[in-house]
Each structure stands twice: as C-alpha cells, then as structure tokens.
Amino acid sequence: MDNGHHFIRTWFVALCALAGLVVALNLLVDPYDVFGTRRIAGLSLLKPGAKNHALLTKTYQEARAHPVTVLIGSSSTHIGIDAAAPEWPGPMRPVYNYGIPGGAGVSMRLDTLREAIFNGPLKNAVVFLDFQDFFSINRPGDGRSEDDRRYHLLPDGRPNPDRALQIANDMFLSLATMGSLVDSLKTIALQRDPTLLNLAPDGSSNEADFSNAFRTDGMHDLFAQKDDYEVERAERLRRSMAGWQGALPDLNVVRAIIALARANHVKLTLVLTPHHADALEIYWRMGLWPRIEQLKTELAGLVAEQGGDVPLWDFLNYDAFNTEGVPAAEDRRTPTQWYWEPSHFKKQLGAIVIQRMFGTDAPRFGAVLTPENVGAVNQLVRDHRQSRVCGHERPALLTSLARPLPDGCAMPAMARGPT
Amino acid sequence: MLFNSYSFIFGFLPAVLIGFYVLGSRRRDWALLWLTAASLLFYAWWRPINVLLIAPSILINYSLARALEQTGEAKPAFARTILIAGIVFNLCFLGYFKYLNFAESALNDAFGTGFVLTQLILPLGISFITFQKIAFLVDVQAGRVSRFSLADYGLFVLFFPQLIAGPIVHYREMMPQFRAVPCRYDPENVAVGISLFFFGLAKKVILADPMSQLVAPLYARAAAGGAQSMTEAWIAALGFTLQIYFDFSGYSDMALGLARFFGIKLPVNFNSPLQATSIIDFWLRWHVSLTRFLTAYIYNPLTLNLTRKRLAAGKPIFGGRNTSVPAFLNLLAMPTILTMLVSGIWHGAGYTYILWGLLHGVLLCINHAWRLIRPRIWPNAKVYSARMAPVGFLLTFLSVVAAMVMFRAPTLSATLMLWKGMVGAYGVTLPAAVFSRLGPIAGWLSAIGVQPAWTSGSLLLTAVVRIGCLLAIALLMPNTLRMLAAFEPAIGVKPDRTPSRVARLFTWAPDGAWALGLACIALAGILSLGQLSEFLYWQF
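Cut-offs applied
- What you see as residue numbers is a count from 1 along each chain, following the sequence as written.
- Chain labels run from A onward and ligand labels from 1 onward, assigned in the order the entries are written.
- Local features in this predicted model are restricted to residues of pLDDT 70 or higher, and side-chain atom pairs are both shown and tallied only at a pLDDT of 80 or more, whereas totals for entire chains, interfaces and linings draw on every residue.
- As a rule here, side-chain values come from all non-hydrogen atoms in the structure, and water together with hydrogens is ignored.
- Strands here are runs of E lasting at least two residues and helices are runs of H or I lasting at least four, both read from the DSSP assignment and numbered beginning at the N terminus.
- Throughout, radius of gyration means the C-alpha value; the globule benchmark is 2.2 Å times the number of residues raised to the power 0.38.
- Only protein chains enter the area calculation, which uses a 1.4 Å probe; residues under 20% of their type maximum are buried, those over 50% are exposed, and those in between are partly exposed.
- Note on contacts: a residue pair is in contact if any heavy atoms of the two residues lie within 4.5 Å.
- Only the protein chains shown count as cover for residues, and the accessible areas themselves come from Shrake-Rupley with a 1.4 Å probe.
- Helix axes are fitted to C-alpha atoms over the stretch in contact, other axes to C-alpha atoms as well, and angles between N-to-C directions run from 0 to 180 degrees.
- Our angle categories are set so that under 35 degrees counts as roughly parallel, over 145 as roughly antiparallel, 65 to 115 as roughly perpendicular, and the remainder as oblique.
- Here a crossing is taken to be left-handed if its near helix is turned anticlockwise relative to the far helix by less than a right angle, and right-handed if that turn runs clockwise.
- Three residue categories are used. Nonpolar comprises Ala, Val, Leu, Ile, Met, Phe, Trp, Tyr, Cys and Pro, charged comprises Asp, Glu, Lys and Arg, and polar comprises the others, including Gly.
- Two rings from Phe, Tyr or Trp (for Trp, the six-membered ring) form a pair when their centres are within 6.5 Å of each other. A pair whose planes differ by under 30 degrees is stacked, one over 60 is edge-to-face, and the rest are tilted.
- The rule for a charge over a ring is simple: NZ of Lys or CZ of Arg within 6 Å of the ring centre, and within 35 degrees of the ring normal.
- Expected helix span is taken as 1.5 Å per residue step, with the number of steps being one fewer than the number of residues.
- At least two bridges found by DSSP between two strands are what make those strands a pair.
- pLDDT measures how confident the predictor is about each residue, on a scale from 0 to 100.
- Throughout, nonpolar core names a set of buried Ala, Val, Leu, Ile, Met, Phe, Trp, Tyr and Cys residues whose side chains join them through atoms within 4.5 Å.
- For this analysis, a salt bridge means a side-chain nitrogen from Lys or Arg found within 4 Å of a carboxyl oxygen belonging to Asp or Glu.

1. A short note on the overall build of chain A
Here is step 1 of the chain: Looking only at helices and strands, one finds 13 helices and eight strands in chain A.
Here is step 2 of the chain: For chain A, the C-alpha radius of gyration of 24 Å lies close to 22 Å, the compact-globule estimate for 419 residues.
Here is step 3 of the chain: Taken along its principal axes, the extent of the C-alpha atoms in chain A is 85 × 55 × 45 Å.
Here is step 4 of the chain: Across the 419 residues that make up chain A, the buried fraction comes to 54%.
Here is step 5 of the chain: Residue pairs at least 24 apart in sequence account for 77% of intrachain contacts in chain A once pairs closer than 6 positions are excluded.
Here is step 6 of the chain: By element, 58% of the accessible surface of chain A is carried by carbon and sulfur atoms, the whole surface being about 17,600 Å².

2. With respect to the overall build of chain B
Here is step 1 of the chain: Per the secondary structure count, chain B includes 21 helices and two strands.
Here is step 2 of the chain: Considered along the principal axes of its C-alpha atoms, chain B spans approximately 80 × 65 × 60 Å.
Here is step 3 of the chain: Counting the 540 residues in chain B, one finds 53% classified as buried.
Here is step 4 of the chain: For chain B, contacts bridging at least 24 residues in sequence account for 74% of all contacts bridging at least 6.
Here is step 5 of the chain: Total accessible area on chain B is roughly 23,300 Å²; 68% of this is exposed by carbon and sulfur atoms.

3. Notes on the packing of helix H8 (residues 208–241) of chain A against helix H10 (residues 277–285) of chain A
All names here are of chain A.
Here is step 1 of the chain: Between H8 and H10, whose axes approach to 10 Å, the crossing angle comes to 30°. In terms of orientation, H8 lies roughly parallel with respect to H10. With respect to the hand of their crossing, H8 and H10 are arranged in right-handed fashion. Note on element contacts: H10 touches H8 through Asp278, Ala279, Ile282 and Tyr283, opposite Phe223, Asp227, Glu230, Val231, Arg233, Ala234 and Leu237.
Here is step 2 of the chain: For the contact of H8 with H10, the per-class residue count stands at seven nonpolar, no polar and four charged.

4. Thoughts on the packing of aromatic side chains
Here is step 1 of the chain: Enumeration according to the criterion identifies 64 aromatic pairs over all chains in this entry.
Here is step 2 of the chain: Pairing Phe12(B) with Phe160(B) gives two aromatic rings, centres 5.2 Å apart and planes at 85°, and the pair type is edge-to-face. Highlighted residues: Phe12(B) in helix H1 (residues 6–24) and Phe160(B) in the loop between helix H6 (150–158) and helix H7 (171–180), separated in sequence by 148 residues. Both residues of the pair, Phe12(B) and Phe160(B), belong to the buried class.
Here is step 3 of the chain: The side chain of Lys346(A) reaches across the aromatic face of Trp340(A), ending 4.3 Å from its centre.
Here is step 4 of the chain: The ring of Trp284(A) is capped by Arg385(A), whose NZ or CZ atom sits 4.3 Å from the centre of that ring.

5. Notes on helix H9 (residues 230–261) of chain B
Residues and elements named next belong to chain B.
Here is step 1 of the chain: Across its 32 residues, H9 extends 46 Å between first and last C-alpha, which sits within 8% of the 46 Å expected from 1.5 Å per residue.
Here is step 2 of the chain: Of all 32 residues in H9, 29 are buried; the element is thus mostly enclosed.
Here is step 3 of the chain: Looking one or two residues beyond H9, the residue adopting positive phi is Gly263, at roughly 85°.

6. Some details on the sheet that holds strand S4 (residues 267–272) of chain A
Residue and element names in this part refer to chain A.
Here is step 1 of the chain: With mixed pairing, the six strands of this open sheet are ordered in space as S2-S1-S3-S4-S5-S8. For this open sheet the edge positions go to strand S2 (95–99) and strand S8 (367–368), each flanked by a neighbour on one side alone.
Here is step 2 of the chain: Relative to S2, strand S1 (residues 69–73) runs parallel, the two being bridged by five bridges. Within S2, the position partnered with Leu71 by the bridge is Asn97.
Here is step 3 of the chain: The strands that helix H9 (residues 251–263) touches are strand S3 (124–129) and S4; relative to S4, the one it contacts most, it runs at about 155°.
Here is step 4 of the chain: Sitting on the sheet, helix H12 (residues 347–358) touches S3, S4 and strand S5 (312–314), and the angle it makes with S3 is about 125°.

7. Details of the confidence of the model for chain A
Here is step 1 of the chain: Here chain A shows a mean pLDDT of 88. Residues at 70 or above account for 91%.
Here is step 2 of the chain: This model gives residues 412–419 of chain A a pLDDT under 50, and the stretch forms 14 contacts once residues within four places in sequence are excluded.

8. With respect to the nonpolar core
Here is step 1 of the chain: Counting residues in hydrophobic clusters, the biggest one holds 169 residues, and the most contacted among them are Phe8(B), Phe159(B), Phe160(B), Phe261(B) and Phe262(B).
Here is step 2 of the chain: In this view, Phe262(B) contacts Val16(B), Leu17(B), Phe20(B), Leu35(B), Phe159(B), Phe160(B) and Val181(B); residues no more than four positions away in its chain are not counted.

9. As for the packing of H9(B) against helix H15 (residues 412–422) of chain B
Residues and elements named next belong to chain B.
Here is step 1 of the chain: At a minimum axis separation of 7 Å, H9 and H15 run at an interaxial angle of 120°. With respect to their mutual orientation, H9 and H15 come out oblique. Taken as a pair, H9 and H15 cross one another with a handedness that is left-handed. Every residue of H15 that contacts H9 at Met230, Ala233, Trp234, Ala236 and Ala237 is listed here: Leu418, Gly421 and Met422.
Here is step 2 of the chain: Of the residues in the contact of H9 with H15, the class split is seven nonpolar, one polar and no charged.

10. Focus: the pattern of salt bridges
Opposite charge on two side chains permits pairing when their charged atoms draw close.
Residue and element names in this part refer to chain A.
Here is step 1 of the chain: With the rule as written, the count across this model stands at 34 salt bridges over all chains.
Here is step 2 of the chain: Its salt-bridge partner being Asp314, residue Lys296 comes within 2.9 Å of it at the nearest N-O pair. Taken together, the residues Lys296 in helix H11 (residues 289–305) and Asp314 in strand S5 connect sequence positions 18 residues apart.
Here is step 3 of the chain: The buried category is assigned to Lys296, whose relative accessible area is 1%.
Here is step 4 of the chain: Relative accessible area serves as the criterion here: at 3%, Asp314 is assigned to the buried category.
Here is step 5 of the chain: Three or more residues joined by partner-sharing salt bridges are found here, namely Asp33, Arg39 and Arg64.

Now the structure itself:
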C-alpha cells in the first residue's frame, strides 16, 4: 500500500500536535485551579469544573493562599461560609475555606487541618463538626485514598512518601485526560453564564448549584428531597449506634485536632454546624436526640479536659433562623432566607455565624458550651422545641416525607445515657 | 497487562513491535521467538505465578499432541485414549481453578456439606486457552494438524493479542500465517492495525466504560433487594447490554489490530450481533469463535452420535420439514440445550451463567422449531423475510436484552427483581424534577400510574441520551470489519459488492482525512484512559 507510510506519518504528526494542543489548553484554562494559572476574564475567571474535584482543587489552592485563618468542614462550610465576608475581623484575614463537599468524617477535618498547618503561616482554625459524623461506627478501610496520598504528612507526622507520585498523577490528570479537556472547554463556553458555579481562589463557592436548583425546582423540592435522604441516613446511623456504649466514636479525633492546633500555636474554634429544624426533627423523631445531647456533653467535657481555651460553639438549637417555614410545593418562586435545605445554610446565616463567634453586636444565636452550662443548654433546646414545634399551629416542619415519622413531641427515652 | 493502559500502549507495544521488526529483518525465527517471549511477559505482568501455572499445561499438551501424532492411524484405540486423557486433563485443569469453589458451594447448598471454600488464583484467560488446547488435540488426532514444534505450539497458545479473551483460534488457521509472515515492518499492516486498535480502544473507553458507572448502582440495588421502577430496570437492562456489546466489540477490534501489526489476521469474533434478526443469527455474530468451537467440538459430534444411534434403532432422523417431534427433541433440542449449557458454564461459575446458557438454548430451540414450522404456515420465504425481519429483530433484541440481565445480575433474586421491574411490577416512575416540567402531560402520566420519584433527573437524561446514541451506533452504523473490508481486517472478510450509501461513507482508506480523523479518535481514547477498567470478557 503506497499510502501506508503517508497515513502513518500523518496520523502520528496529527496525534502529537493534537495532544500538545490539549495540554496547552488545559494549562491555560486550568479548570481545577491546580496550577494557579492567572484567571483571565471571559476565558477562565470562573471555575465550574472544580465542583467535582474539590479536594484536589482546594489542596493546591490552600497551599498557594497562605491564609491566616482556615475554615475546616464539609459541604455546609464550603457552601455557607464566605471566606471573603466583611464580618471576618481584620487580624483573621486572609481566610481560606477548606470545607470539602462530600467530606464526611471527623478524620478528614484532622487531615485537612494538618495540611493547612504544614502549608503555614496559620494562626486560626475554625473547625465545623457535623453531628452525624459522630454516629457512625463503620470506620473507613485501611487503604489510603488518592486524596490522602496528596497530603504532605502522614497521620503520624512523618513525610508522606507517596506525595511526589500523587502530585505527578494530579498534574497528568489535570493536563492530559478527557475529563480535564471537557472541563476546560466547558469553562470557556460557560464563562458568560451568570448562574455558573464557581470556586473562588479563597475556596468559597458562589452557591450556584443551590440557586439553580431553586430556580428550577423551588425550595419545597429541595427540602423534601433532602428530608428523605436524611431519614435514610438517620435510620442507618440509628442501626449503627444500636448497642453502642461509652463515649461516642471519633471523640479521640477531636482530641487530636485540639492537640495538633495547640502544638502549632494555632487558635482553634470548634463549631457544631447549624442545621435546619427539619434535620433536627428527623433525628429527634427517630430517637437520636439523646445521642446529640450526649455529643454536646462529651465535647464540652473534652474541651475542658484539654485546657478549656478552645471555644466550642453550638448552633444545634431550635431558633428563629432554622425554624423558618418552607414554601408550599406549588410555590416555586418564594425563596427561604437562611437555609437552602435541611443540611446547608445560606451565606446570610454564615455571616451571622461569623459575627456571633468573632464579632460584636450579633443576634443572640448559638451558645459556647462548657461542662457547666451544657445541661442547661440541652434543657433550653428542649424548651425551644416545645415552644417552636410542638402544638404549634403553623404547618409541619417536615415538608413531604415519603414515610411520615411519628410525632415526637414527648422527649424520647434515651437508649443509653451519656457517660 | 490491559490493552487499554498507558503501560501497554506507550511501553509494551512499541517495544515489542520494534524488537519484532528489527529481529525480523535479520532472522524470522528470532522475531517469532521474541514474540513468544513478549507474550509470556504480557501474561506474567499481572501475576507472574500465572506463567508457572500455564507453562506445565502447555508442555503436557504438547507432549500429548506429539504422542497423538506419532501413534496416529497405526493405533487408533491408543490415540483415542490419549485424546480422552488430554481432554480430561484440560477440563480438570479448568475445573480446578474455575469451578471447584462453585461445585463445593453448590454441594454445601444442596446437601448441607461443610466444604470450606478457598480463594484460588484463576489463571488469566484460562477458559479461552483451555478450549484452544482441546481443539488442537482433537485436530491432531483427526489428522488436520501435523508438523509442529514446541516453539510453534508455544506461539500458537501464547500469542498475546488473543491470549486473554480470544478469539478462540485454530492451529491450522494460525500456523500457516506465522510460517509465511515476513516479520518486517509493513505500512499497510501497521496502518490497518493502528485503525483497528484505536477504533477498539475508543469503543471500550469512550462508549462502554461510562455505561458501567450508570448501571452498576442499579444492579447493586437489585442485589440488595431494592425494587426498581420500570424506567430504572430498563436502563439497567439496556445499559448493560450496550456496555458489554461495546466492551467486547472494542476488545475484538483491538485484538484484530494488534495481531495485524505482526502481519497476522485473526478470525471474526464479533459482527454487529444486535442487528441480528433471529437468535440463531445472533449466535453467528456474537462471540463467533466460541460458537464455532462449541458447534464443531460439542454440538456436531453429539448430533452425529445421536443420529447414528437413532438410525441403528430404526427411528426416524432429522428430515427437514417432515421432522417428527421426537427426532427434533432428540437430535436438535437436546444437543442445542446441552451445548448452550456448556456455553453458560464456560462463561462463569455461577447459577446465573448456567441459567443464561440454558435460556439461550431454549430460545435457539424455539427459533429452530419455528424454522421448521414456518414454511407450512407461510410458504413464501421471500415475503416472509421482507415482512417479518423487523419483528424478528425486535423479538431477538428483547430476548437478548432480557437475558443479559441474568448475565450481569449477581444473583437469581436480583435477576427476578429486575425482570419484574421491566414489566412494571414495581410501578413506573420519573424523576420529580422531570415530572414537574411536563406540564399537563404530568397529569396524563399520573392517570396511567406514572409516579414522580426523588431520583436524579439529570442522571435519567444522561442515561437516555447515552443509550440512544449507543443504540444508534450499534444498529445503524457499519462495524469496523465492514469499514476496513477492503483490507481484510479478519480472516475471510471481503468488501460488500453493493455497499449502502452509509457503508460507502464510512469506508476506510489510508488517506489524509482518515489519518486525521483517526488521530482524533486515538487521542480521545488515550485521554480517556485515566480510569483503568478491565474488559468484561477477561473474567471468563
């Protein structure tokens, strides 16, 4: 075949040229913000592709950001706390939001805090804790994930020998894969979309996912869908905790977080993440509220045992913010003010949380827990529930659960008392 | 080593090709020896112990074949004994590694015995290699193969493009090619090889693998006892059918392309089976080399033997339209079901595979019976073909898709859950987000029982679009064999005399346009290699 040589040569040259173009494009657009390429308006200012690679993106962003304050948490922190909010006191800036969507588990908080401290020069860390993370006794496997291999240090503080290979892998996957090419092209094509999801260089999200979902489905559907999910999760956690005695799982990890911060002279603040009353009601009605009270009691004791210089903020209450009503199913236009859905609060509430913890003149909202006041706080929450939920005339908090939960206006008996 | 891995594409393959061409330019036998050594390395890459398991088996089979060749016609009874010993040895070898655990577990289930199941290392491609070795022994005993050396036999068994997942080749179609191949760089072979390999890679990593992410959770949910709505059950069934279709089609193309780099043509193994208009037609297009093996070495001998027995007993035998029911059952149905039972067992050690094989056996019998009955009901064959081909296609397609659920589902109960879901036993749902956008149609859907559910609307849309695109490719486009027919991509493939317009549009030629197009396809395939995934047929 006379054309065989020509075909092979053309094919090979075209393949190499195209591959080079793909690498150059991915480097220029930097869809996951791994390389820190300068963001260009109209081309790469917004980074929608980072949505599905949050831990990858944030590990590199945080290392470049050199924040004074880091926010550690899950998706609720990622969505609801703005690192650039004016409520942050001057000495605490710059702030980096290291909240990881899908980042469940207290261990991940410890890992990300260790990484942030390594990157330095950190002065403050605000660690948001989700109460659900303490009710699972199914520990992850021993194998280290791709994300773990990216950190500078191993959990025992030794240098991570796998990091160099993982970094090479990250570079390769960000430059020469179909996923990165598609995300680069999407990044360019969608820059003019005003509803585009973005991950800012300070790790904050612009909430576009939720605002888009609200525009298409309405607040009721957002709440209803998450309520169903939360019921399933609560059921799973209830099974997981059945028969569990003694201190709650993962309290040792919180102890390690406090020790790590203290050893590195980082001022630590612990926060029990705010949840909408829908979520609290689900756990109350499924008999897990005693576990939540146990968590608050044990955390307060733990903090005091570690010296008492770490404030432990509790926002798990029935208050004016989280008992806001949810629009009816047919109303797809009325927004809620404070919550996107039961587990994710809006930046407006996030601003109040920041103000309450670090500012002055904030509404009375949440409380700092100590061993001395935790009993009273727990009682106060029960009272608030009684006044804001039980016997109240306004529509039920839970919007449209697939399986209705029994009314729980009487305090359920504790399966096992706090120890 | 996976064909769809960076190490294979950028390391192993170029190194083997360069070595082959350089050595081949000096001495052919060096090049072939290099190819055998490279194939051993390919086989050992995953688990080096595989070589220790397969090498003695090759030596024993070679010795038996030598003995058969020397005994030959002089002592037919002794030769037959050697052949039976060889077949038993190979089946025991396969049985020990692949079926021991299943047999023990079945005995435990049936009789409450207490066999402790142990994890055995299953040598890669053992089912394919075993069938190939059995076929070789039978061919030697029948005198169809002669004049072979250990090097020849080693290359025949180990040739890496077909080592792990077929096609199941015959010695007599491979060795003449190895003896004649010049072992030098040939631009036509390389151009055709590149095209076949990268078409196959794209099918695997761009078309098949993403489907797996879509259907795996649905099968997992069925296995956990979760009911599936009609929508989800059909996505699971169609999605897996298309996943395995493009997975196997992609593998087969890659195997053809790899062999072609060395100047070797493999037999056709996959020929647009979803376009089949009957289940018989399906098995002539799906895993062709396995069908060929089972027909030649199980079905035909069995039918011949049974026919002889019936003749000896004075009973009627197969007689076309006038075949009696007992003759049909005895001479066609029973051998067919037995052959398909073997096919099911060959695919995997599990009840679902066995029942899948039996189900296809029954479907084949129905198809054969219809072929016997049809001329009485509808004598005009031409009109029948023209009018009923679409019906035949639809019935075949639905049967294949339903049977694929059994092939994929981990348990029988999961299969039943999905089948019930497919017929609407668990209702019909649509994601609430989709439902709420349908306006008045939502009301009509509600009236006929369609309900909203909190499932992902975008996931449903993705599934529908993907399934639609893949179906269009599978059903409407010419396959790679047809596209490259002018260059005989597989043994015996010739160009159509009167190609359709679509076929002409997709006819491959070694020109600049195809080189550019193929560069794009190759790049898309290579860029999609990020997530490694095994070929589904490698597990067999």
